[in-house]
Structure formats: C-alpha cells, structure tokens
Amino acid sequence: MNLFRSCVVGLDHVTLSCGLSVSRMLQGPYSSLDRDRPLIRLPVASFTVATVLLPLTGFIACLFISLIYHFEDATYTHCQVSNYLPSISAAISLVPERYIWRCCIGLHSAPRYLLATAYFNFYRGRFANRLPELLLSGLALLCNLAENTGLLLLTYVSSTETYSVHKNGFIVFIASSLLHMLITCRLWQVIRRYYVNPEEVTSYRWKVRLFLFNVSCCAAAAYFFRRHNNYCETGVYTLFAFFEYLVVFSNMAFHATAVWDFGNKEVMVATPPEDKRY
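Residues numbered from 1 in each chain as written. Predicted model: local features only at pLDDT ≥ 70, side-chain atom pairs only at ≥ 80, totals over all residues. Heavy atoms only, no water.

**Things to note about the overall build of the chain**
Assigned secondary structure in the chain consists of nine helices and four strands. Reading the helices (α) and strands (β) of the chain from amino to carboxyl end gives β-β-β-α-α-α-α-α-α-α-α-α-β. Within the span of the chain, comprising 278 residues, buried residues form 47% of the whole. Counting only carbon and sulfur atoms, one obtains 64% of the accessible surface of the chain, whose full area is about 14100 Å². (Helix = DSSP H or I, 4+ residues; strand = E, 2+ residues; numbered from the N terminus. Buried < 20%, exposed > 50% of the residue type's maximum accessible area, 1.4 Å probe, protein only. Areas by Shrake-Rupley, 256 points an atom, 1.4 Å probe, with all protein chains shown as cover.)

**Some details on helix H7 (residues 198-231)**
A rise of 1.5 Å per residue sets the reference length of H7, with its 34 residues, at 50 Å; its end C-alpha atoms lie 49 Å apart and thus fit the reference within 8%. Residue Asn197 occupies the N-cap position of H7, its side-chain oxygen lying 2.9 Å from the main-chain nitrogen of Glu199. The first or second residue beyond H7 is Cys232, which carries a positive phi of 50°. (Expected span 1.5 Å × (residues − 1). Polar contact = N/O pair within 3.5 Å; in protein donor to acceptor, adjacent residues only side chain to side chain.)

**Description of the environment of Tyr223**
Relative to the helices and strands, Tyr223 is located in helix H7. Among the residues examined, Tyr223 registers a relative accessible area of 45% and is labelled partly exposed. Along the chain, Tyr223 and Val236 lie 13 residues apart, while their C-alpha atoms are 9.8 Å from each other.

**A closer look at the nonpolar core**
By size, the foremost hydrophobic cluster in this structure holds 22 residues, and its most contacted members are Phe59, Ile88, Trp101, Leu151 and Tyr245. Elements with a minimum of two residues in this core: helix H1 (44-69), helix H4 (97-126), helix H5 (131-156), helix H6 (163-194), H7 and helix H8 (236-256). Per-element accounting of this core gives the leading share, six residues, to H8. Every residue in contact with Trp101, bar those within four places of it in the chain, is listed here: Pro55, Gly58, Phe59, Cys62, Ile92, Leu151 and Thr155. By size, the runner-up hydrophobic cluster in this structure holds 20 residues, among which are Ala118, Phe122, Trp188 and Phe262. (Core = buried A, V, L, I, M, F, W, Y, C linked by side-chain atoms within 4.5 Å. Contact = heavy atoms within 4.5 Å.)

**Some details on the packing of aromatic side chains**
Under the criterion given, the structure shown has 14 aromatic pairs. For the ring pair Phe59 and Trp101, a centre distance of 6.3 Å and an interplane angle of 70° mean the geometry is edge-to-face. Remark: Trp101 occurs in helix H4 and Phe59 occurs in helix H1; sequence separation between them is 42 residues. The same class applies to Phe59 and to Trp101, which are both buried. With a centroid separation of 5.2 Å and an interplanar angle of 65°, the aromatic rings of Phe59 and Tyr245 are classed as edge-to-face. Here Phe59, found in helix H1, pairs with Tyr245, found in helix H8; they are 186 residues apart in sequence, far enough to count as distant. The pair formed by Phe59 and Tyr245 is uniform in burial state, with each residue classed as buried. (Phe/Tyr/Trp six-rings, centres within 6.5 Å; stacked < 30°, edge-to-face > 60°.)

The quantities given are spatial measurements derived from coordinates; they are silent on function.
Right, here's the structure in full:
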C-alpha cells in the first residue's frame, strides 16, 4: 500500500517525523535518517543563532523606526510626562513596526517549537531512570511551548487593538518564561553533577547567570511601572522601558545557550526514497 510521502525533521539522533507511528526519540516509521535523502542539513549552532537573530533584529528595527519616525506617539503615556524610550508594546504597535515584528516572530516560532521538542528528547535521554527529572522535563516542555505561544499572542494582538488579550499574552509569556528558566537551571544542575562535558558546564553557568539577571530585570521593570502609574514622575517610564528591553535580551540569550547544549549536532530535513512501499 502506498502511503503519503513523509517528511522527517531530525536533530542528530533526535528526530521528529510526519509518519504513522512513534518510536524511540519521536522517530517515525523510517528508522534511520541514513536511509533518507537529506534536503537540508544545518548545524544546530547556526540554526539557533538564526532563530535568535530574527526577533533581535526585528526588535532593534522596530525600536529604531519608533524613535526616529514615531517618537511622540511611541513615547506617549497617560501621565503626559516626558518620556524618552517607548515600551516594547508601543514600539511594535505602530506601522510599519507592527508588520516587521509580526514577520520576525512568525518566522522564528516554528524553530522555537522544534527546539522545545528537541530539548525534551534530550532530557528524556539523560534522565531515563530518574522520574523527578523526567517530570520536570515534561513541565519544561509545556512552559517552553506556553512561552512561545504567549509571545505569538501578544505579537499578533497589539495593545492598541485588544489590550486585555495583549496583556494576558504578556503575562503568559513572562510567567512561563521565568518558570521554564528555573526548571532548566535545575535540570542542568543535575546534568552537571553527573557529566563533565566542558560545554555543558559552561552552558549551565550562563543559564544561571541569565536567569538571575532576567529575574532582577523583571523586578526592576515591575517596580518602575508601578511607580510611574502611581506618581507619574518624569523619566520613570523610560527606566521601565529600559529594563523591559533587558528582560527580552536576556531571554533571547538564555535560549541561545542551545549552541552549547547540542554541540556539533545537526538539524536535518529529509524525505524517504520514493520506491519505499508499505
């Protein structure tokens, strides 16, 4: 019986398949990528850098355009006090900034979902006999997926369109991001205890630093946001926006540590030979 052609997306021995059955490492009906014809092979390091650069360059472009061409509108607040930096929501809500940001986030979301699944497979291989860490791995996967989904929600529903939806998307993004970072640091603490790979040790150290930095920036941003709303002081909203930028940058840097996590592994897109019959 001829089945539809299947696509296989692989990350070294970690594979995702559009097939009929699921076996070890989420691998589909084709048991080895060696039997398939590769269409794309890309080092994980390049794949990760490209994924992170999409939102980074998109945000910098939106911020630059907002400051140069839409300064008054982007920096306006209900307090009507002097402000020198737009919030992220303001920077991505105007035109053409809105479309630049949506394009970059949309393009980067699919690789993010793939990496989230690849991390789960990675953890499942490391913690095959450790139930607590396996459960944490599953929770990390859910948080990673929720983080990316929350980012998509706050991106495609701007604060000027439906504020409540945008706000809830932001809350989901921040909450799931912090929880994902915390769980990831815990998992990598266990990995460091039992493995001595220098790259994994470096990855763990940077994950902890970036997590602590992210938490500090979140706290500072929340403080200045509340202070601005309560007292309407000049420049306070600018400080909120600045720390909000640092939250986003440190989040991107945290995800960029995948460069160390997956070493010399590759992302592969392949199709099976046409003469296979089942």
